[in-house]
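Each chain, letter by letter, is given below.
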Amino acid sequence: MPSPYSPKTLSWSALAAFACLGGVAAFSGDIDQPFLQDVQDEFVIGETFPDRTSESEHVENIAAIGVTDTGDVVAAVTTHLTNVLLAEYDGERWTLARRLLDNVTKTPTHGATAQKSWRVGHGDTDSLYVAAALTPDGKQLVATEKGAVYFDKQSIFTTQERIGSVAANASGAIAIGTAEALWFRADASAEFARLYPHAGDYSWAPRNVGAVTFESGGNLWFGSDQGAGMRDVATGDWVLYTGAEGLPYNRFTCAAAGPNGEVWFGTERGALRIENGKWAYRASLRWLPDDHVNDVAVDRDGTAWIATPKGISRIKRRAMTLAEKEEYFQEQVETRHNRDGFTTDWQLTKRGDVSTAVPKITDNDGEYTSMYGSAMALKFAVTGDAKAKKLAVRSFEACKSLSDVVPDTMEGFVARVKIPIDWHEPVNEQYGPEYNAAYRADDPFWKLITPRFVKSEDGKYLWKNDTSSDELSGHYFFYGI
């Protein structure tokens, strides 16, 4: 007699049995060690960063950012009148402290903000800084738009090329990035020479070197059109990175070293961190107010401060166990993604303000809820957590209601979505005859169903009647678990 169960059914059952029984033994002896996670705060111009001065000048750009020798974080901002002001952070809020320079170009890429006594320029536009750094012994290293580099106010380098970046280390080595080359001198007694990075199949004459810095061990890092690289200070050997080695992006604007060997790069599309040979990419509104990074500074505890045209992002490390991380995300789901027991989308009516979230519906309400319920059931199986069991039951009841809401004549059918009859937005209008006809023109298999949302027999709900196979798979998986 043939088995009433298909191979797929058996596989789901086997997985469920392992997860609920064998999984307990497999995971109960593991030790949940804490690990570092990036967390982000941001200060957006006009929201949590001042948008105008006491003289009513509008702040238009965070041009530069730095950490002083006392650990204070400061920034240089430009206004619509092309003035540059110093902004200071007191641990809670930013204030515009004082004017640094009048009538400069609109968007200086860097300003000398590494200590409060620095000025962004010498008082005239001819000597405006286009790159700046503070040496480990507190001396100024600046490049001007006229192609000159000054170390402790003494001219050390001139070029006809556009300068993009400068850096120095504790041993007196200096690196300069220009539009055509990467320049380096080992100490004050040496001449500047062009570097030609080479490693493996790569041999570069770097162009548009927009980022140079020395990491805490003294090694030189750079970013150019060809890619990024590191020169070992002891051996002179190179390690080079392109997309093939994990480099996410290669239009560099700046770089800064952290206290533990990590290096941050700014680019025209986000910020990068290289640490222990691995790249991390921090971009989009999840991490930055704007993707164009003007400047990066790293403070004593490794927190990165990232200046962009629309504001400042602070990315710091937080030690978390897996259990703590799960608890964090579960709290997010429960406060922002629970709609009548369904795990589903919410939409912010104001960017970045989670208090403005409103519930949405999706074509995957059932599947999202199934996955959440399955996770809670597995958590209960492993930990015995009563809250997880309660959430698993709630999720099951929500999924089951997608079957209960359809008429008895359609027993076994699972609705895609169920919403109250007084739902706050129109749901059937978009699926009218014109919409369906337009879709059918491109997709001959498009379902011509009108209406898509049907009133339940008790008149309390609307349910969507075009369930997909992946929705059903989610339900069946959850029921097995």
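Quick caveat, the model's predicted, so the values are computed rather than measured.

### Description of the overall build of the protein
At step 1: Each helix and strand in the protein was counted, giving 6 helices and 33 strands.
At step 2: A buried classification covers 47% of the 481 residues belonging to the protein.
At step 3: For the protein, the exposed surface amounts to about 24200 Å²; the carbon and sulfur share of it is 52%.

### A few points about helix α3 (residues 365-383)
An α-helical turn contains 3.6 residues, so any two residues separated by three or four positions project in the same direction.
At step 1: With 19 residues, α3 ought to run about 27 Å at 1.5 Å a step, and its terminal C-alpha atoms sit 27 Å apart, in line with that.
At step 2: What α3 keeps buried is the set D365, G366, E367, T369, S370, Y372, G373, S374, M376 and A377.
At step 3: Where α3 is buried, its residues meet α2 (322-336), β27 (338-339), β28 (342-343), α4 (386-404) and α6 (469-480).
At step 4: Phi turns positive, to about 75 degrees, at G384, one or two residues after α3.

### Looking at the packing of aromatic side chains
At step 1: Counted under the stated rule, the structure contains 26 aromatic pairs.
At step 2: Measuring from ring centre to ring centre gives 5.5 Å for F49 and W94, while their planes differ by 45 degrees; the resulting arrangement is tilted. Residue F49 is located in the loop between β1 (35-44) and β2 (59-67), and its partner W94 is located in strand β5 (residues 94-101); the two are separated by 45 residues in the primary sequence.
At step 3: Relative accessible area serves as the criterion here: at 3%, F49 is assigned to the buried category.
At step 4: Plain terms: the ring middles of Y89 and W94 are 5.2 Å apart, the flat faces sit at 35 degrees to each other, and that makes the pair tilted. In terms of burial, Y89 and W94 fall into one category: buried.
At step 5: Members of the aromatic cluster, joined through ring pairs, are F43, F49, Y89, W94 and W305.

### Some remarks on unusual backbone geometry
At step 1: Of the consecutive residues T450 and P451, the connecting peptide bond is found in the cis state with omega at -5 degrees.
At step 2: If you trace the backbone, P451 turns up in the loop between α5 (433-442) and β32 (453-455).

### Looking at the sheet that holds β32
At step 1: Read across the open sheet, the 3 strands follow the order β31-β33-β32; overall the sheet is antiparallel. Each edge of the sheet is formed by a strand with only one pairing partner; in this case those strands are β31 (418-420) and β32. Sheet twist, expressed as the mean angle between neighbouring strand axes with direction ignored, is 30 degrees.
At step 2: Sheet topology note: the β32/strand β33 (residues 461-464) ladder contains 3 bridges and is antiparallel. Looking across to β33, one finds that V454 is bridged to W463.

### Details of a negative patch on the surface
At step 1: On the surface, D32, E324, E327 and E331 cluster together to form a negatively charged patch.
At step 2: If you trace the backbone, D32 turns up in the loop between α1 (7-28) and β1.

### Brief notes about the sheet that holds strand β23 (residues 278-282)
At step 1: With respect to topology, 4 strands assemble into an open sheet ordered β20-β21-β22-β23, the strand pairing being antiparallel. Pairing within the sheet leaves two strands with one partner each, and these edge strands are β20 (252-257) and β23. Going across the sheet, the axis of each strand differs from the next one's by a mean of 20 degrees, ignoring polarity.
At step 2: Direction of pairing for strand β21 (residues 263-267) relative to strand β22 (residues 270-275): antiparallel, over a ladder of 5 bridges. Residue F265 lies in a different strand from β22, and its bridge partner there is L272.

### A look at the nonpolar core
At step 1: Core analysis: the biggest nonpolar cluster contains 18 residues, and F49, I62, I65, W94, W305 and I312 have the highest contact counts within it.
At step 2: For this core, the secondary structure elements donating two or more residues are β2, β3 (73-79), β4 (84-89) and β25 (304-308).
At step 3: In terms of residue count, the dominant contributor to this core is β2 (4 residues).
At step 4: Core analysis: the second largest hydrophobic core is formed by 15 residues, V149, F157, V166 and I176 among them.

### Some points on the pairing of β22
Along any regular strand the residues' side chains alternate between the sheet's two faces.
At step 1: Of all 6 residues in β22, 5 are buried; the element is thus mostly enclosed.
At step 2: Between the end of β21 and the start of β22, which pair antiparallel, lie 2 residues.
At step 3: Relative to β23, β22 runs antiparallel, the two sharing 5 bridges. Within β23, the position partnered with E275 by the bridge is K278.

### Notes on the confidence of the model for the protein
At step 1: Averaged over the protein, the pLDDT score is 86; the fraction of residues at 70 or greater is 88%.
At step 2: Segment residues 1-28: pLDDT under 50, and 16 contacts once partners within four positions in sequence are set aside and those in other chains are kept.
At step 3: A low-confidence stretch, residues 103-126 stays under pLDDT 50, and its non-local contacts, those more than four residues away or across chains, total 86 contacts.

### Focus: the environment of T235
At step 1: Among the structural elements, T235 can be located in the loop between β18 (228-231) and β19 (238-241).
At step 2: T235 gets classed as exposed once you look at its relative accessible area, which sits at 52%.
At step 3: Among the polar contacts made by the side chain of T235, one reaches the main-chain amide nitrogen of D237 at a distance of 3.2 Å.

### Things to note about the packing of α2 against α3
The axes of two packed helices give the description: the angle between them and the distance between them.
At step 1: Between α2 and α3, whose axes approach to 13 Å, the crossing angle comes to 140 degrees. On the basis of their axis angle, the class for α2 and α3 is oblique. Considering only the axes of α2 and α3, their crossing is left-handed. Where α2 approaches α3, its residues E326, Q330, V333 and E334 are matched on the opposing element by Y372, M376 and K379.

### A few points about the pattern of salt bridges
At step 1: Scanning all chains against the criterion turns up 19 salt bridges.
At step 2: With its nearest N and O atoms 4.0 Å apart, the salt bridge here joins R251 to E268. One end of the pair, R251, is in the loop between β19 and β20; the other, E268, is in the loop between β21 and β22, and 17 residues separate them in sequence.
At step 3: Judged by relative accessible area, which is 32%, R251 ranks as partly exposed.

### Here we look at a nonpolar patch on the surface
At step 1: Taken together, the side chains of F396, Y476 and Y479 present a nonpolar region at the surface, about 300 Å² in accessible area.
At step 2: Along the chain, Y476 turns up in helix α6.

The rules behind the values
Residues numbered from 1 in each chain as written. Predicted model: local features only at pLDDT ≥ 70, side-chain atom pairs only at ≥ 80, totals over all residues. Heavy atoms only, no water. Helix = DSSP H or I, 4+ residues; strand = E, 2+ residues; numbered from the N terminus. Buried < 20%, exposed > 50% of the residue type's maximum accessible area, 1.4 Å probe, protein only. Areas by Shrake-Rupley, 256 points an atom, 1.4 Å probe, with all protein chains shown as cover. Expected span 1.5 Å × (residues − 1). Contact = heavy atoms within 4.5 Å. Phe/Tyr/Trp six-rings, centres within 6.5 Å; stacked < 30°, edge-to-face > 60°. Pairing = 2+ DSSP bridges. Axes fitted to C-alpha atoms, helices over the stretch in contact; angles between N-to-C directions. Patch = residues over 30% accessible without salt bridge, like charges linked within 9 Å, V, L, I, M, F, W, Y side chains within 5 Å. Salt bridge = Lys/Arg side-chain N within 4 Å of Asp/Glu carboxyl O. Lys, Arg positive; Asp, Glu negative; His and termini not counted. Charge placed at Lys NZ, Arg CZ, Asp CG, Glu CD. Core = buried A, V, L, I, M, F, W, Y, C linked by side-chain atoms within 4.5 Å. pLDDT = per-residue confidence, 0-100. Polar contact = N/O pair within 3.5 Å; in protein donor to acceptor, adjacent residues only side chain to side chain. Parallel < 35°, antiparallel > 145°, perpendicular 65-115°, else oblique. Left-handed = near helix turned anticlockwise from the far one by under 90°.

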